[in-house]
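Here are the chains, one letter per residue:
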Amino acid sequence: MSVNPASVTNPPAQFPEDFVFGGATAAYQVEGETRTHGKGKVAWDDFLEAQGRFSPDPASDFYNQYPVDLELCEEFGINGIRLSIAWSRIFPNGTGEINPEGVQFYHDLFAECHKHHVEPFVTLHHFDTPLPLFEKGDFLNRETIDAFVDFATFCFKEYADQVTYWFTFNEIWADASNTYIEGTFPGGVKAHLAEAFQCEHNMMLAHAKAVLAFHNGGFKGKIGVIQSLEFKYPLNENDPADIKAANNEHVLQNQFLLDATFRGDYAPDTLECANRLAAVSGGTIEILDEDLEIMREAALYNDYLGVNNYQCRFLKAYDGENDLHHNGTGEKGTGRWRVKGIGEHVNKPGIPPPTGTGSSIPRACSICSSTLSSAIPTISRSSLPKTAWATRIPTKTALWTTSRASTTSSSTCVGCSRLWRWASTWAATSCGACRTSSPGPMATTSVTASFTLTLKPRSARPRQAPTGTSTWRRPVVWTSGWRGCPLTQPVPISQPGAARHTARRPRSFCFWAGREPFVSICNI
């Protein structure tokens, strides 16, 4: 057998010891057993049955097969897994009666995780509000906020010795937009902007109350929230109308939620835009003074921010009536997103959209395919939790996830310079990541990038929430401050032991801020 000398003198790059090489699941997407073992119903059950296109059972049968999955995780070096607790498996009706079998299932699951040295990162809500609460208005009804906090507090106590890392919600924007703007989630309606903003606010209030319950309860561990963030680009960066359109959706998806997460209130420009958009759909947003008091206090105790990014969007001005069509099964390119008061999703000439969607992703490069080949195993079992690969750069670590364990992958990442700038001031030092997707008909096979910004210890943080105008108030656009640099040679990263960027395709780019490559997009 011949040995390649390069493999001896240049061994594959190794992850740092404290790096989380993670996979991800969500209860409704993988568990199966959705109507057995005492589990209560969620809106997706009847919704999917009526559609007749998808079934949540058995999914990947995680409820019964998790010991095998976790054994495979250990075998392939995956030392972290993001999963969610199905609220209705613990409280079948959302409140009141507890299902002991469901409680014990998660005890057994977490024990198995630790047996295989796989750290669980636990989400408390992943698009699966129990049906009785959903029928009362879901998170538009403030009773659901209190019910969620009770559920979260129960979990903090029950699994205190087994779970260290908590997330309150997965992708609040996805919940709000798919229910109240695109109408693709159960009970969905179209272009109800006021309800979308109200949903976002109420879920962030529920997050804040849960964070305070965790902090005031003295529980060990860390807690945060996962947001799905996207770049919003004006189609014509010199057209004020297009810039306004991009900013409108930026506020709706990014700025409103980031203000709520880290300020604990809303900057004046955020509120101006949110109230203007809510009025377009004939509604208003109810934000109580006591809400903001709770949110400001909780903003000091976020331990990390999870970021899921699927794509970016180009927008142009649009003055017509609402015209929304989600293309889930039809011919490519037939989807439409034109929202009165916001703008229209369009493709940028010269930048191809990702397969199966109507939005564009600027291409960039990251770790070369040879590094991927050595870092990610090739397996055939599709139910294995999504695998990941990573890059480390000064003060930041990003963990990109692939759609399956494979040596051929495509991955994207978040590139919000203002978010990174903010994170740097709070000493973002590391990240664990996982891929998530919507359940049921919204389940996506597209690749996403996820990462977590880990903040300074609480004792080292400023004790006052930010004030004034939001620092992420405008969408980032192509300016002289950004430049897409085509890479044809390996680019060293200063972090010792880190993998090196290598471009293998001429259409790959790496985004730079100053002299530091702070975020990149890969297509290998």
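Just so it is clear, the model here is predicted, and its values are computed rather than measured.

Undergrad: Describe the nonpolar core, and please don't skip the residues or the numbers.
TA: Counting 88 residues, the largest nonpolar core has I85, Y106, L109, Y159 and W166 as the members making the most contacts within it. It is helix α10 (residues 193–216) that provides the largest number of residues to this core, a total of 14 residues. Each residue touching L109, except ones within four places of it in the same chain, is listed here: F62, Y66, L70 and L83. Membership of the second largest hydrophobic core comes to 7 residues, among which are Y28, V42, A174 and F185.

Undergrad: If you had to explain the environment of A208 to someone new, which residues and values would you point to?
TA: Here A208 is to be found in helix α10. Its relative accessible area of 3% is what places A208 among the buried residues. In sequence terms A208 and L300 are 92 residues apart; their C-alpha atoms lie 10.0 Å from each other. The contacts of A208, once residues within four sequence positions are left out, are I294, M295 and A298.

Undergrad: Let's hear about unusual backbone geometry: which residues, and what values?
TA: Residue P58 is bonded to the preceding D57 through a cis peptide linkage, with omega at 0°. Its place among the elements puts P58 in the loop between α3 (43–51) and α4 (62–75). Residues other than glycine seldom take positive phi values, yet D61 does so here, at roughly 55°. In this structure, D61 sits in the loop between α3 and α4.

Analysis parameters
- Residues numbered from 1 in each chain as written.
- Predicted model: local features only at pLDDT ≥ 70, side-chain atom pairs only at ≥ 80, totals over all residues.
- Heavy atoms only, no water.
- Core = buried A, V, L, I, M, F, W, Y, C linked by side-chain atoms within 4.5 Å.
- Buried < 20%, exposed > 50% of the residue type's maximum accessible area, 1.4 Å probe, protein only.
- Helix = DSSP H or I, 4+ residues; strand = E, 2+ residues; numbered from the N terminus.
- Contact = heavy atoms within 4.5 Å.

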